[in-house]
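Coordinate inspection notes
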Amino acid sequence: PEDGIELTKTVNPTTAKPGDTVTYSFVVKNTGETKLTNVKVTDPLLGGQVGVTIAELAPGQSAPAITKTFVIPANATGIVHNVATVTGTPVDGDN
């Protein structure tokens, strides 16, 4: 069976100036054929792990959205780049 995981991240509002607060939303979906456990979203800009560890995600299942606010730094100029990652542990069908 194939393993797969997908992270969709959005921000609202999509444009902001220094001092403004934006809200990032993260949705994790298991796109594979095996159960995933210990699923974590990490975003260095937001301080590391975002939200709680998702205990398990069945194939095709999406976890409830995780949200986190962020204040645009006073010294920000141009585009604020922000990259998040998601990891999980696949569970063999025998486990």
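Residues numbered from 1 in each chain as written. Predicted model: local features only at pLDDT ≥ 70, side-chain atom pairs only at ≥ 80, totals over all residues. Heavy atoms only, no water.

Quick look at the pairing of strand 4 (residues 48–57) now. For strand 3 (residues 35–43) and strand 4, the ladder comprises six bridges, and the chain directions are antiparallel. The residue bridging D43 from the neighbouring strand is G48, located in strand 4. (Pairing = 2+ DSSP bridges. Helix = DSSP H or I, 4+ residues; strand = E, 2+ residues; numbered from the N terminus.)

The next thing to look at is the nonpolar core. Core analysis: the largest hydrophobic core is formed by 17 residues, its most contacted members being F26, V28, V39 and V41. The leading source of residues in this core is strand 2 (residues 21–30), at four residues. In this view, V41 contacts L7, F26, V28, G48, Q49, V50, I66, T85 and V86; residues no more than four positions away in its chain are not counted. (Core = buried A, V, L, I, M, F, W, Y, C linked by side-chain atoms within 4.5 Å. Buried < 20%, exposed > 50% of the residue type's maximum accessible area, 1.4 Å probe, protein only. Contact = heavy atoms within 4.5 Å.)

Computed from the structure, the largest pocket encloses a volume of approximately 310 Å³. T14, A16, Y24, I72 and V80 are the residues nearest the centre of the largest pocket, which is lined by 18 residues in total. Within the residue set of the lining of the largest pocket, elements represented by two or more residues are strand 1 (5–12) and strand 2. Sort the elements by how many residues they give to the lining of the largest pocket and strand 1 lands first, with three residues. Class assignment for the residues of the lining of the largest pocket results in ten nonpolar, six polar and two charged. (1 Å grid on protein atoms, 1.4 Å probe; cavity = no way out; pocket = protein on both sides within 12 Å on 5 of 7 lines; lining within 4 Å. Points joined across faces, edges and corners; volume = space filled by probe spheres on them. Nonpolar A, V, L, I, M, F, W, Y, C, P; charged D, E, K, R; others polar.)

Coordinates in, geometry out; function isn't part of it.
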